[in-house]
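Fold and contact review
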Amino acid sequence: MRRTYMDANATTPLLPEVMEAMRPYWMEQFGNASSIYQQGQQARTAVDRARETLAEMLNCHDAEVVFNSGGTEGDNTAIFGLLRPGDQLVTTSIEHSAVLRAAERMAERGVEVTFVAPLPNGLIEPEEIKRAVRPETRLGNSRRILISVMLANNETGVLQPVEEIGKIAAEAGAFFHIDAVQGAGKVELDVRRFGCHLLSISAHKMHGPKGVGAMFVRRGTPIDPLVVGGSHERRQRAGTENVPGIVGMGKAAELAMESLGDGTIERVAGLRDRLEAGILKIAGTGVNGAGAPRTANTTNIRFEQVEGEALVIALDLKGVAVSGGSACHSGSTEPSHVLMAMGLDKNAARASLRFSLLRTASDDDVEHVLRVVPEAVEHLRALSPEAAGTLG
Ligand code: PLP
């Protein structure tokens, strides 16, 4: 059976070039990047090269790039590394759980935490962020304020106005962290333009390996490392570098930059639009996040009178992999916190599916999905208690 993977926001496969770039660093060039002899220096050179590529991608200095284990670590580091009891964290109710759970833990430790809700289309209003920053904290006392807002939402693809939020952070004397995990490889990343102090990305969301990520830490930002030990990563993240992973991330970043300039993103957007238009022909459907700027590869669609989880399973049986909510929620029956924050009721949130296209998606992928979704929806609706008239 043909299989079509449409869950790129959960993870992506390595591109062949990434696999090839990583290959020598598992066996022949296995050195520890801290060793002074030849094998070590080869590893060091490879890590430095990857760092230069990441610095180019983010528009920062090499010394401002810290390699880590991925998006969760970056998000945690920003929050745990900067804030102390009495400080303030302003974030949103649609962040990834890597931010939300860290924020909850900081609230237990005496940090004042404010969650800003989005508009019904999923956009965060910069004015709401501004209002949440407490005025008495702006007067130059030692209380730190951290604003943490994602660049692109993992469930809806909605792109947040980070530049405007960066200006607000600057005016308020606040630190600004961006979870850019779902933006990397889909939109230009420019930490200077964004006005952020910290920014987190993850390799496996952009056709790189799992378990490796990078963080931009603006020079002089007072971050306590989350992981301590050796003096790796300028003492900002201890532990022997994951050389193959870092090399893979460097290659993935290089290819991601290329894809932003060679028409790939426009091609993916065209496929996504065709997919979306095709699915919307089914009665009782709608796009969550419609009208807001979104990443090119994502659409989140609600199907009235359908149990989302049942549809995910039905589509899997027909060879199509999609997600009903964020990947980290699969297996849980809780409706998506993102869709609920956008004002959907539990049933509508549960009836929503995320289709997220790989950079390598094809016309055939879209056709396959458009062939199987209408019949799966029709079948499930025919089985629903409402259709059967068994609800009384
Ligand atoms: N932030 C966002 C927006 C994500 O989508 C994810 C992954 O789903 C993460 C953070 C966590 O990244 P990682 O899987 O690299 O820990």
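This text gives an overview of the structure that appears in the document. (Residues numbered from 1 in each chain as written. Predicted model: local features only at pLDDT ≥ 70, side-chain atom pairs only at ≥ 80, totals over all residues. Heavy atoms only, no water.)

**Quick look at the pattern of salt bridges**
Pairing between side chains becomes possible if they bear opposite charge and their charged atoms approach one another. Evaluation of the coordinates by the stated rule reveals 23 salt bridges. Where D365 meets R2, a salt bridge forms, and the shortest distance between an N and an O atom there is 2.4 Å. Residue D365 is located in helix 14 (residues 363-383), and its partner R2 is located in the segment before strand 1 (4-5); the two are separated by 363 residues in the primary sequence. For R2, a relative accessible area of 36% translates into the label partly exposed. R131 is the partner of E128 in a salt bridge, and the nearest nitrogen-oxygen pair spans 2.5 Å. Pair noted here: E128 and R131 are both in helix 5 (residues 126-132), with a separation of three residues, about one helical turn. On the accessibility criterion, E128 (28% relative accessible area) is partly exposed. (Salt bridge = Lys/Arg side-chain N within 4 Å of Asp/Glu carboxyl O. Helix = DSSP H or I, 4+ residues; strand = E, 2+ residues; numbered from the N terminus. Buried < 20%, exposed > 50% of the residue type's maximum accessible area, 1.4 Å probe, protein only.)

**Brief notes about the pairing of strand 2 (residues 65-68)**
The side-chain alternation of strand 2 yields two buried faces, one formed by V65 and F67 and the other by V66 and N68. In terms of strand pairing, strand 2 meets strand 8 (residues 213-217) through four bridges, oriented antiparallel. Of the residues in strand 8, the one forming a bridge with F67 is A214. (Pairing = 2+ DSSP bridges.)

**What about unusual backbone geometry?**
Backbone geometry places N59, a non-glycine residue, at a positive phi of 60°. Within the secondary structure, N59 sits in the loop between helix 2 (38-58) and strand 2.

**Looking at the packing of helix 10 (residues 264-280) against helix 14**
Across the interface, helix 10 lies against helix 14 with an axial gap of 10 Å and an inter-helix angle of 15°. The angle between helix 10 and helix 14 places the two elements in the roughly parallel class. Crossing handedness for the pair helix 10 and helix 14: right-handed. Contacts between helix 10 and helix 14 involve L271, R274, L275, G278 and I279 from the first element and D363, V366, E367, V369 and L370 from the second. Of the residues contributing to the contact of helix 10 with helix 14, the split by class is six nonpolar, one polar and three charged. (Axes fitted to C-alpha atoms, helices over the stretch in contact; angles between N-to-C directions. Parallel < 35°, antiparallel > 145°, perpendicular 65-115°, else oblique. Left-handed = near helix turned anticlockwise from the far one by under 90°. Contact = heavy atoms within 4.5 Å. Nonpolar A, V, L, I, M, F, W, Y, C, P; charged D, E, K, R; others polar.)

**As for the site of the ligand**
Taken together, 14 residues are adjacent to the ligand, and T72, D179, Q182, S202 and K205 come closest. A distance of 2.8 Å separates an oxygen atom of the ligand from a polar atom in the backbone of G71. Interatomic distance of 2.6 Å between a side-chain N/O atom of K205 and an oxygen atom of the ligand. Against a free-state accessible area of 390 Å², the protein chains account for coverage of 89% of the ligand. Of the residues assigned to the shell around the ligand, the class counts are three nonpolar, eight polar and three charged. (Near = heavy atom within 4 Å. Polar contact = N/O pair within 3.5 Å; in protein donor to acceptor, adjacent residues only side chain to side chain. Areas by Shrake-Rupley, 256 points an atom, 1.4 Å probe, with all protein chains shown as cover.)

**Overview of the packing of helix 11 (residues 308-317) against helix 14**
Direction vectors running N to C along helix 11 and helix 14 enclose 130°, while the axes themselves pass 10 Å from each other. Overall, the two elements helix 11 and helix 14 adopt an arrangement that is oblique. Between helix 11 and helix 14 the crossing geometry is right-handed. Here A310, L311, A314 and L315 of helix 11 come into contact with helix 14, specifically with V372, V373, A376, V377 and L380. Here the contact of helix 11 with helix 14 is built from residues that sort into nine nonpolar, no polar and no charged.

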